[in-house]
Amino acid sequence: STETVIAIPDKFSIGGVDYTTHEVGGFGNANGNNVELIQLPDTVEVFGARAFHNCGKLAAIEIGEQVKELNDLAFANCGKLQSIDYNAVNASVKRSNTTSSPFESSVSNEGAVVTIGSSVEVIPDFLFYQYNTSSSKRVMSSLIWEGNSSCKRIGTAAFRNANLPNIELPDTIE
């Protein structure tokens, strides 16, 4: 089968007016089962609710430093997700209810390798929270803090029910 790639441009024009891509809107690629690779520009600041929901073949995602907001279920049900590079310096998670998070039910059976970039200052509330605790799936197989971590705070329930055997925290956490 052919690899399906979504390349989101950093700039685009409509009716002769130039725009910069700042948001991947809600339901932007709902049910994108064939998507294997998403190429995102550095200009993306917001991932809307269900932006890449059900991208069943998506193996890796990189959240850039400039990202300010991740909405619930943005990457939900991405069942092959093996790598999450999280670099958002100070983002928030926007939830519509108490049973959702950006990565709800997303990852391969073995769990994803999650790398937290060195410039990340805050892990937002509920970032990797999993409501469905009946699943034997791990959200993460490992959590890696890149280089000289700048992380000062881990939000409420950021890793709740993630099934990670242990978490080593950097000395920078207050």
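Residues numbered from 1 in each chain as written. Predicted model: local features only at pLDDT ≥ 70, side-chain atom pairs only at ≥ 80, totals over all residues. Heavy atoms only, no water.

Participant: How do you make sense of the overall build of the protein chain when you look at a structure like this?
Facilitator: Summing up its helical and strand segments, the protein chain has zero helices and 14 strands in all. Secondary structure elements of the protein chain, listed N to C terminal, follow the sequence β-β-β-β-β-β-β-β-β-β-β-β-β-β. Each of the 174 residues in the protein chain was classed as buried or not, and the buried ones make up 43%. Of the roughly 8,700 Å² of accessible surface on the protein chain, a fraction of 44% belongs to carbon and sulfur atoms. (Helix = DSSP H or I, 4+ residues; strand = E, 2+ residues; numbered from the N terminus. Buried < 20%, exposed > 50% of the residue type's maximum accessible area, 1.4 Å probe, protein only. Areas by Shrake-Rupley, 256 points an atom, 1.4 Å probe, with all protein chains shown as cover.)

Participant: What's the story with the confidence of the model for the protein chain in this structure? I'm lost.
Facilitator: One rule of thumb: low pLDDT means the predicted coordinates there are not for detailed reading. Overall, the prediction assigns the protein chain a mean pLDDT of 86, with 89% of residues at 70 or greater. Within the protein chain, strand S1 (residues 4-7) has the poorest average pLDDT of any element, 82, and strand S12 (residues 122-123) the best, 97. (pLDDT = per-residue confidence, 0-100.)

Participant: How should I be thinking about the packing of aromatic side chains in this particular structure?
Facilitator: Each aromatic ring pair is specified by the distance between its two centres and by the angle formed by the two planes. What the rule picks out here adds up to eight aromatic pairs. Ring-pair connections join several aromatic residues into one group, and the members of that group are Phe47, Phe52, Phe75, Phe103, Phe128 and Phe159. The ring of Phe126 carries the charged tip of Arg95 above its face, separated from the ring centre by 3.7 Å. Over the aromatic face of Tyr129 sits the side chain of Arg95, whose NZ or CZ is 5.3 Å from the ring centroid. (Phe/Tyr/Trp six-rings, centres within 6.5 Å; stacked < 30°, edge-to-face > 60°. Lys NZ or Arg CZ within 6 Å of the ring centre and 35° of its normal.)

Participant: What's the story with the pattern of salt bridges in this structure? I'm lost.
Facilitator: Close approach of charged atoms allows side chains with opposite charge to pair. Per the stated rule, a full pass over the model turns up one salt bridge. Across the salt bridge formed by Asp125 and Arg153, the nearest N and O atoms sit 3.8 Å from each other. With Asp125 in the loop between S12 and strand S13 (140-145) and Arg153 in strand S14 (residues 153-154), this residue pair connects regions lying 28 residues apart in the sequence. (Salt bridge = Lys/Arg side-chain N within 4 Å of Asp/Glu carboxyl O.)

Participant: Help me understand the sheet that holds strand S9 (residues 83-86) in this model?
Facilitator: Hydrogen bonds between backbone atoms are what pair the strands of a sheet, whose relative direction is either parallel or antiparallel. Taken in spatial order, the four strands line up as S7-S9-S11-S13 in an open sheet, and their pairing is parallel. The open sheet has two free edges, formed respectively by strand S7 (60-63) and S13, since each of these has just one partner strand. Averaged over all adjacent pairs, the angle separating strand axes in this sheet is 10°, with direction ignored. In this structure, S7 lies alongside S9, joined through four bridges in parallel fashion. Residue pairing in the sheet places Ala60 in a bridge with Ser83 of S9. (Pairing = 2+ DSSP bridges. Axes fitted to C-alpha atoms, helices over the stretch in contact; angles between N-to-C directions.)

Participant: It is not clear to me how the side chain of Ser149 should be interpreted in this structure. Could you clarify?
Facilitator: As for its position among the elements, Ser149 is in the loop between S13 and S14. A distance of 3.1 Å separates the side chain of Ser149 from the backbone nitrogen of Cys151, its partner in a polar contact. Residue contacts for Ser149: discarding those within four places in its chain leaves Ser118, Pro170 and Thr172. (Polar contact = N/O pair within 3.5 Å; in protein donor to acceptor, adjacent residues only side chain to side chain. Contact = heavy atoms within 4.5 Å.)

Participant: Whenever I open this one, the environment of Gly117 confuses me. Can you help?
Facilitator: Tracing the backbone shows Gly117 in the loop between strand S11 (112-116) and S12. Residue classification places Gly117 among the buried residues on the basis of a relative accessible area of 2%. Linking Gly117 and Ser150, residues 33 residues apart in sequence, is a C-alpha distance of 8.6 Å. Look past the residues within four positions of Gly117 in its chain and what remains in contact with it is Tyr86, Asn87 and Glu146.

Participant: Explain the sheet that holds strand S4 (residues 23-24) here, please?
Facilitator: Across the sheet, which stays open at both edges, the four strands sit in the order S4-S6-S8-S10 with parallel pairing between neighbours. Across the chains shown, the open sheet's two edge strands, defined by having one partner strand only, are S4 and strand S10 (92-94).

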